Amino acid sequence: MPTYTWSFAQSFLIFLMIVFVAQSLAAWLRSLVPMPLFFGVFFAGGFALGWLPRDLLLASNMVAVGTIAFNVLVIHSGTMVDLALVRVKRKEALTAVGSALVMTAVLLLVLPPLIGRDLALLAPGAVVGGGASCAIGSRWVSGIRPDISFFPWMIFMFQGLFSVPVVTWALKKESARLVDELSAQPAAALPEGRPGPVAPAFGPVARIPQVYKTPAYYLGLIMAAAVLNYALQGTVLAGMNINLNITALLLGILAGNLGLIDRASLFKCDSYGLLILSLMGLMANNLANTPLDTLLSLTAPVLIALAAGTAVLTACGVGFARLLGMSPYEGIILAMNSVMGFPVNQMLVSQAAAGAPEHLRGALTGRLTPLLGLGTMLVSNGVSIFTISILVSFVK
């Protein structure tokens, strides 16, 4: 049995304390300084100053739990992609996905001379991705380019500095426009608030009584899809050089839309928070193995990538909105939400709705929430994973 600097209990406690302080500071600042940035700075400083042992994440078993998260989160993301909703919200879907794809193309053309070819390949998927996308990029290149393996995580750390101010501003403008629109409607005609991210069951899984739907049931179905994915990679897809995260996401989309796996399973089994926590453990462990001078050298490329991505996404949001007859603020929200994602977007919607007359808040929330949910579903949970899974194959 390996021997670590600190015990499991002490290591896990310190990890949780750092996460709690980072989350509390971010909440106090309304995510204008994002939680991952606080988290990364605390761990980077602790490792550099010798206050935290570099085997803390191994001792706390967060790396082991993070491996579970890595296997289930991509399939979970796939189950979140609701193709029926996409058909209904064609213009919004085109704006979100089109903006992400244009941004990817522009960054691949513009960034190589500025930050280098390999960092430019990692940038697009990380800019519009969440923890799962950044974990894919980091893990894939850690064996061939360990010196840049923290780059996707570092983008994850700084995303909120760019996205939250832009989305907050756009939500404020769109809210004011919607309040004027809703105020002109009779009270009986006001739409009700939309449901949250947990979708109702349908298809074969809807026939299973709720009493049997325990955490083991939800996680078991996802892991069954993961095992099938590994089997496909070793048999019919062997030698085709298709990234296993692409096939995992496609399996999740297929199973979720056929009703073979409950949509948003991790939300329903109350496991999402723990698995995201463990994903942060993978980030901290990567940080423990990255020298401080390497981290400092990555800072400028990260800021350049995020600044360029933000500029292109904002311009694309406005452009697609004009082309498709939507509000420019609506377009910006759809394009930029992917640089932030859930749950920060829910907090920003609540803040925007709080400024409206009380009788309009439910209707306003019902109009704004699907905009941000659609961007998260299609881009953060879809396009970003496809993008980074394809582009990492070209890193040398």
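See the structure printed just above.
The following refers to the structure shown. Keep in mind that this is a model prediction, so the values were computed, not measured.

This paragraph deals with the overall build of the protein chain. For the protein chain, the helix and strand inventory stands at 18 helices and zero strands. On the principal axes, the C-alpha backbone points of the protein chain span a range of 70 × 50 × 45 Å. Evaluated residue by residue, the protein chain yields a buried proportion of 53% over its 396 residues. Considering only intrachain contacts with a sequence separation of at least 6, the fraction spanning at least 24 residues in the protein chain is 81%. Accessible surface, the protein chain as shown: approximately 17100 Å² in total, 69% of it carbon and sulfur.

An ideal rise of 1.5 Å per residue puts 48 Å on 33 residues; helix 10 (residues 151–183) measures up with 47 Å between its terminal C-alpha atoms. Roughly 40 degrees is the biggest bend found in helix 10, and it falls at Phe158.

Orientation of helix 6 (residues 90–110) relative to helix 8 (residues 117–127), taken along the N-to-C sense of each, is 155 degrees, at an axis distance of 9 Å. It follows from the interaxial angle that helix 6 and helix 8 lie roughly antiparallel. Considering the relative orientation of helix 6 and helix 8, their crossing is right-handed. On helix 8, the residues touching Met103, Thr104, Leu107 and Leu108 of helix 6 are Ala120, Leu121, Ala123, Pro124 and Val127. Its residues assigned to classes, the contact of helix 6 with helix 8 comprises eight nonpolar, one polar and no charged.

Right, let's talk about the pattern of salt bridges for a bit. What the rule picks out here adds up to six salt bridges. One salt bridge connects Asp147 with Arg145, and the closest N-O pair in it is separated by 2.8 Å. When its relative accessible area of 39% is taken as the criterion, Asp147 is described as partly exposed. Linking Asp262 and Lys213 is a salt bridge whose minimum nitrogen-to-oxygen distance equals 2.9 Å. Of the two residues, Asp262 sits in the loop between helix 12 (244–258) and helix 13 (265–268) while Lys213 sits in the loop between helix 10 and helix 11 (215–234), which places them 49 residues apart along the sequence. The burial state of Asp262 is the same as that of Lys213; both residues are buried. One salt-bridge network, in which partners are shared between bridges, spans Arg117, Asp118, Arg145 and Asp147.

With that settled, the discussion passes to the environment of Thr310. With respect to the helices and strands, the residue Thr310 is situated in helix 15 (residues 292–324). The exposure class of Thr310 is buried, given its relative accessible area of 12%. The contacts of Thr310, once residues within four sequence positions are left out, are Phe162, Val166 and Met336.

Next up on the list: the packing of aromatic side chains. What describes a pair of aromatic rings is the distance from one ring centre to the other and the angle between the planes of the rings. Taken as a whole and assessed by the stated rule, the structure comprises nine aromatic pairs. A ring pair is formed by Phe8 and Phe12, whose centres lie 5.6 Å apart and whose planes are at 20 degrees; its orientation type is stacked. Of this pair, Phe8 and Phe12 both sit in helix 1 (residues 8–28), four residues apart, which is roughly one turn of the helix. The class for Phe12 is partly exposed, based on a relative accessible area of 24%. Summarising the aromatic geometry, the rings of Phe15 and Phe39 are spaced 6.1 Å apart at their centres and angled 90 degrees between planes, so their arrangement reads as edge-to-face.

The rules behind each value
- Residues numbered from 1 in each chain as written.
- Predicted model: local features only at pLDDT ≥ 70, side-chain atom pairs only at ≥ 80, totals over all residues.
- Heavy atoms only, no water.
- Helix = DSSP H or I, 4+ residues; strand = E, 2+ residues; numbered from the N terminus.
- Buried < 20%, exposed > 50% of the residue type's maximum accessible area, 1.4 Å probe, protein only.
- Contact = heavy atoms within 4.5 Å.
- Areas by Shrake-Rupley, 256 points an atom, 1.4 Å probe, with all protein chains shown as cover.
- Expected span 1.5 Å × (residues − 1).
- Bend = angle between axes of the 7 residues up to and from the residue.
- Axes fitted to C-alpha atoms, helices over the stretch in contact; angles between N-to-C directions.
- Parallel < 35°, antiparallel > 145°, perpendicular 65-115°, else oblique.
- Left-handed = near helix turned anticlockwise from the far one by under 90°.
- Nonpolar A, V, L, I, M, F, W, Y, C, P; charged D, E, K, R; others polar.
- Salt bridge = Lys/Arg side-chain N within 4 Å of Asp/Glu carboxyl O.
- Phe/Tyr/Trp six-rings, centres within 6.5 Å; stacked < 30°, edge-to-face > 60°.

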